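Breakdown of the fold
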Amino acid sequence: MSRVAHPAGPRHGDVLPADHPPSAPDDLNALYPGIWPRGARRSAGVLTLGGVDVRDLAAEFGTPLYVCDEEDVRSRCRDYLEAFGPDGRVFYAAKAFCSRAVLRWVSSEGLGVDVCTGGELEVALSAGVPPEQITMHGNNKTLDELSRAVSAGVGHIVADSFEEIARLAYLTDSASPGGHSVPRGDPGPQGPGAPRVPTAKPNVLVRVTTGVEAHTHEFMATAHDDQKFGFSLASGAADEAVRRVIACPGLSFAGLHSHIGSQIFDTAGFEVAAQRVVGLAVRIHDEHGIEIAELDLGGGFGIAYTEEDDPPEVKDLAQSLREIVDGQCRAAGLARPRLTVEPGRGIVGPSTVSLYTVGTVKDVDGLRTYVSVDGGMSDNIRTALYDASYACALASRASAAPAMLSRVVGRHCESGDIVVRHAYLPSDLAPGDLLAVPATGAYCRSLASNYNHVSRPPVVAVGAGAARTIVRRETLDDLLGLDVG
Ligand code: PLP
């Protein structure tokens, strides 16, 4: 068993990372286009993002700082929409980074939004995302959350457990006298008082666990039923869930959902998952005479974090997915359902750069140089949590100094507080220099913490030479305000 989780996600704990440094790049000042936002340039040696000099960003907003290139996000939305075509649907998975500005951008580009808690739902509603363009996820939705989702009129609710189906039945069933009884267990703070919404008939997708687990270059097609999400296909729970949804007069069975993993670079895992889900669709047809309207294949499309990563083009991925689903449905004699995908990382991941100020530069003789920055695992937990790989560059100036093997570390009281495990940086790097870490738009600010009582950094949107705060920096007063003891 390994000491770390998988680079891409919390599963696959049996994969050990390669612990050797890559070779030094030819040019330490080069910006490898696959990993920097599309609007990143060097101007007189200084990194500019969306046309804004990083030294100006640091001076105005301070560091650590997340800098998000709005046009990069928007252009990736358009890439996905174009790739999946008019008969496909693309929902942005808000868990990757959830802020009102970003949800407005993706919504105005024509994407829907996938939320997985009541909190994310409120952000989406308050951003003005049309409710019918929202899909409500989550593996433990309370009665209150479901009540809010139903009364707001969200487009789809993804059922993840029998308890949730019972909660939805309770909320929506006005057909039988008194409707369904209050579900057992903790139904949420409002308890039995959670308002029923008899006029709404929510569309429900059933989330199935296909037994496929995919990350980056590999996938496993067996033995991954051992997890908390969805209904197992292998055990027959998925068939039973569909039966129960169809039996509820207040619910409209809309189709099936499957999400197989994260940071996926090839479509082999989707192929096996689609085959298994279509198998269920055939059984649904045989048993209930219904053809599923919607097949949601989830997210998980990989991006480049370092030069070693070579993710497929979105259009190639979309074409493969369409062919896979077409082929499986044709073979089963079913019409192809509408295909939906839910990229999170693929939309916001490459858009954002974390900007840090170098604090100390410590040479550990014969090993490497430790470069301490003013952030760390509180603003990017992915390296510590998943052993994720990142690149980085000296941002505030160009340098012709030779490369030094470095490790970029944070300021937290934890030896695992690593931002970039292996980095080649110029040997004249000094305190006060700005360091930039690209591809931090997904699962960095969302997973940020206040460990060691540091405040979480702001997110600044850049574009056309201007910058504006979209999520403000937390202050120590914010943190002290929570401490009411
Ligand atoms: N959809 C579902 C159901 C998920 O669980 C996730 C991530 O965990 C996503 C979409 C988004 O995945 P990614 O950001 O890797 O595209």
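Attention here is on the structure that accompanies the text. What you are looking at is a predicted structure, and each value in this text was computed from that prediction instead of being measured. (Residues numbered from 1 in each chain as written. Predicted model: local features only at pLDDT ≥ 70, side-chain atom pairs only at ≥ 80, totals over all residues. Heavy atoms only, no water.)

So, about the overall build of the protein chain. Helix and strand counts for the protein chain stand at 12 helices and 24 strands. Across the 485 residues of the protein chain, 56% fall into the buried class. Considering only contacts within the protein chain whose residues lie at least 6 apart along the sequence, 71% involve residues at least 24 apart. Only carbon and sulfur atoms are counted for the fraction: they give 51% of the accessible area of the protein chain, which is about 19,600 Å². (Helix = DSSP H or I, 4+ residues; strand = E, 2+ residues; numbered from the N terminus. Buried < 20%, exposed > 50% of the residue type's maximum accessible area, 1.4 Å probe, protein only. Contact = heavy atoms within 4.5 Å. Areas by Shrake-Rupley, 256 points an atom, 1.4 Å probe, with all protein chains shown as cover.)

Our next topic: the packing of helix α4 (residues 118–126) against helix α5 (residues 143–152). Relative orientation of the contacting elements α4 and α5 amounts to 25°, with a least axis distance of 10 Å. Judged by the angle between their axes, α4 and α5 are roughly parallel. Viewed along their axes, α4 and α5 form a crossing whose handedness is left-handed. Every residue of α5 that contacts α4 at Gly-118, Leu-121, Glu-122 and Leu-125 is listed here: Glu-145, Arg-148, Ala-149 and Ala-152. For the contact of α4 with α5, the per-class residue count stands at 4 nonpolar, 1 polar and 3 charged. (Axes fitted to C-alpha atoms, helices over the stretch in contact; angles between N-to-C directions. Parallel < 35°, antiparallel > 145°, perpendicular 65-115°, else oblique. Left-handed = near helix turned anticlockwise from the far one by under 90°. Nonpolar A, V, L, I, M, F, W, Y, C, P; charged D, E, K, R; others polar.)

Here the focus is the packing of aromatic side chains. Here the structure, examined in full by the defined rule, presents 5 aromatic pairs. Ring pairing ties together the aromatic residues Tyr-80, Phe-84, Phe-270 and Phe-301, which thus form one cluster. It is Arg-244 that lies over the ring of Phe-162; its NZ or CZ is 4.1 Å from the centre. (Phe/Tyr/Trp six-rings, centres within 6.5 Å; stacked < 30°, edge-to-face > 60°. Lys NZ or Arg CZ within 6 Å of the ring centre and 35° of its normal.)

Here the structure, examined in full by the defined rule, presents 22 salt bridges. Close ionic contact of Arg-74 with Glu-70 constitutes a salt bridge, the shortest N to O distance being 2.9 Å. Taken together, the residues Arg-74 and Glu-70, both in helix α2 (residues 70–84) and 4 residues apart, mark about one turn of the helix. Classification of Glu-70 as partly exposed rests on a relative accessible area of 23%. The salt bridge involving Glu-164 is made with Lys-141; its shortest N-O contact spans 2.9 Å. With Glu-164 in helix α6 (residues 162–172) and Lys-141 in the loop between β7 (134–136) and α5, this pair connects stretches of sequence that are 23 residues apart. Classification of Lys-141 as buried rests on a relative accessible area of 1%. Salt bridges sharing common partners tie together Glu-70, Glu-71, Arg-74, Arg-78 and Glu-109. (Salt bridge = Lys/Arg side-chain N within 4 Å of Asp/Glu carboxyl O.)

Quick look at the sheet that holds strand β10 (residues 213–216) now. Taken in spatial order, the 3 strands line up as β11-β10-β14 in an open sheet, and their pairing is mixed. Whereas interior strands pair on both sides, the edge strands pair on one side only; in this sheet they are β11 (218–220) and β14 (261–264). The sheet shows a mean angle of 20° between the axes of neighbouring strands, direction not considered. Sheet topology places β10 next to β14; 3 bridges connect them, and they run parallel. Looking at the pairing, His-215 lines up with Ser-262 of β14. (Pairing = 2+ DSSP bridges.)

This paragraph deals with the pairing of strand β13 (residues 252–257). Among the 6 residues that make up β13, 5 are buried, leaving the element largely enclosed by the rest of the structure. Pairing of strand β9 (residues 203–209) with β13 involves 5 bridges; the strand directions are parallel. Paired with Val-206 across the bridge in β13 is Leu-256. With 3 bridges joining them, β13 and strand β15 (residues 294–296) adopt parallel strand pairing.

Among the secondary structure elements, Tyr-443 is positioned in the loop between β22 (434–438) and β23 (459–463). On a C-alpha basis, the gap between Tyr-443 and Lys-95 in space is 7.3 Å, while along the polypeptide they are 348 residues apart. Setting aside chain neighbours within four positions, we find Tyr-443 in contact with Lys-95, Ala-96, Arg-345 and Arg-382.

On to the site of the ligand. Taken together, 15 residues lie near the ligand, and Gly-300, Glu-342, Gly-344, Arg-345 and Tyr-443 sit nearest. In the environment of the ligand, an oxygen atom lies 2.8 Å from a nitrogen or oxygen atom belonging to the backbone of Arg-345. For the ligand, whose accessible area on its own is 400 Å², the fraction buried by protein is 90%. Looking at the shell around the ligand residue by residue, the classes come out as 4 nonpolar, 6 polar and 5 charged. (Near = heavy atom within 4 Å. Polar contact = N/O pair within 3.5 Å; in protein donor to acceptor, adjacent residues only side chain to side chain.)

Here we come to the nonpolar core. Within the largest apolar cluster, 110 residues are counted, with the highest numbers of intra-cluster contacts made by Tyr-92 and Leu-256. If you tally residues by element for this core, the top one is helix α8 (residues 268–288), at 9 residues. Contact partners of Tyr-92, with chain neighbours within four places excluded, come to Phe-97, Val-102, Leu-103, Val-106, Leu-111, Gly-112, Val-113, Asp-114, Pro-343, Gly-344, Ile-347 and Val-348. Ala-40, Val-52, Leu-57 and Val-462 belong to the second-largest nonpolar core, a separate cluster that totals 23 residues. (Core = buried A, V, L, I, M, F, W, Y, C linked by side-chain atoms within 4.5 Å.)

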